[in-house]
Amino acid sequence: MKKLLNLLNENSRLTNAQLAVMLNKTEEEVASQIAAYEEAGIIRGYKTIINWEKVESYNKVTALIELRVTPKRETGFDTIAHRIMQFEEVESVYLMSGGFDLAVMVHGQSMQDIAMFVAKRLSTLESVLSTATHFVLSRYKEGDVILTTKNEDRRREYRE
């Protein structure tokens, strides 16, 4: 039922009845399969993607922080990754290949907030060797959702 997972990934608001029609299955079969995926940890949650730039009076800054860390002998990168995940500013943590070890997506109210988070809380952790912070200036696409602003819509109209 990979098709079920693809449909849910595209739109998690589809009802079991809608999914059943799309998959030529019964609602009970769909509900049972979804429950099995949730139980097995294949489906980890459901998420709404919000274009925060369109929400009036909402200031939110996002940054990608590259970390070089020293892995622990028994647990590798897991211990430091789990420690970093506990900070409320942290949205996601990824183990990476290449020039740095971990990529951390964080949110704050301002660039200064994120800078203080990196300086006072993240870089002071045992195992952290260095950090590099990259601020997100504009979001064009998140997941399968294209995010546009009025200016981008106007530019598109002029090209057509």
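In what follows, the structure referred to is the one given above.
Keep in mind that this is a model prediction, so the values were computed, not measured. (Residues numbered from 1 in each chain as written. Predicted model: local features only at pLDDT ≥ 70, side-chain atom pairs only at ≥ 80, totals over all residues. Heavy atoms only, no water.)

*Asks:* For the overall build of the chain, give the residues involved together with the corresponding values.
*Replies:* Secondary structure summary: the chain contains six helices and six strands in total. Start at the N end of the chain and walk to the C end: the helices and strands fall as α-α-α-β-α-β-β-α-β-β-β-α. Going through the 160 residues of the chain one by one, you find that 28% of them count as buried. Across the chain, contacts joining residues at least 24 apart in sequence account for 60% of those joining residues at least 6 apart. Just so you have it, the chain exposes about 11500 Å², and 49% of that area is on carbon and sulfur atoms. (Helix = DSSP H or I, 4+ residues; strand = E, 2+ residues; numbered from the N terminus. Buried < 20%, exposed > 50% of the residue type's maximum accessible area, 1.4 Å probe, protein only. Contact = heavy atoms within 4.5 Å. Areas by Shrake-Rupley, 256 points an atom, 1.4 Å probe, with all protein chains shown as cover.)

*Asks:* Explain the side chain of Thr 62 to me, and be specific about the residues and the numbers.
*Replies:* Note on placement: Thr 62 falls in strand β1 (residues 61-69). Engagement of the side chain of Thr 62 in a polar contact is seen with the side chain of His 107, the distance being 2.9 Å. With residues near it in sequence (within four places) discarded, Thr 62 still touches Met 105, Val 106, His 107, Ile 114, His 134, Phe 135 and Val 136. (Polar contact = N/O pair within 3.5 Å; in protein donor to acceptor, adjacent residues only side chain to side chain.)

*Asks:* I'd like to hear about the layout of surface pockets, residue by residue, with values.
*Replies:* Considered as a void within the structure, the largest pocket measures approximately 670 Å³ in volume. Along the wall of the largest pocket there are 18 residues; nearest its centre are Leu 8, Asn 9, Ser 12, Tyr 46 and Lys 47. Top contributing element to the lining of the largest pocket by residue count: helix α1 (residues 2-10), with four residues. Residues that form the lining of the largest pocket fall into these classes: seven nonpolar, six polar and five charged. (1 Å grid on protein atoms, 1.4 Å probe; cavity = no way out; pocket = protein on both sides within 12 Å on 5 of 7 lines; lining within 4 Å. Points joined across faces, edges and corners; volume = space filled by probe spheres on them. Nonpolar A, V, L, I, M, F, W, Y, C, P; charged D, E, K, R; others polar.)

*Asks:* Talk me through unusual backbone geometry; I want residue IDs and the actual numbers.
*Replies:* Within the chain, Asn 24 stands out as a residue other than glycine whose phi angle is a positive 55°. Tracing the sequence through the fold places Asn 24 in the loop between α2 (16-23) and α3 (27-40). Backbone geometry places Ser 127, a non-glycine residue, at a positive phi of 90°. In this fold, Ser 127 is placed in the loop between α5 (111-122) and β4 (128-135). The class of Ser 127 is buried, set by a relative accessible area of 13%.

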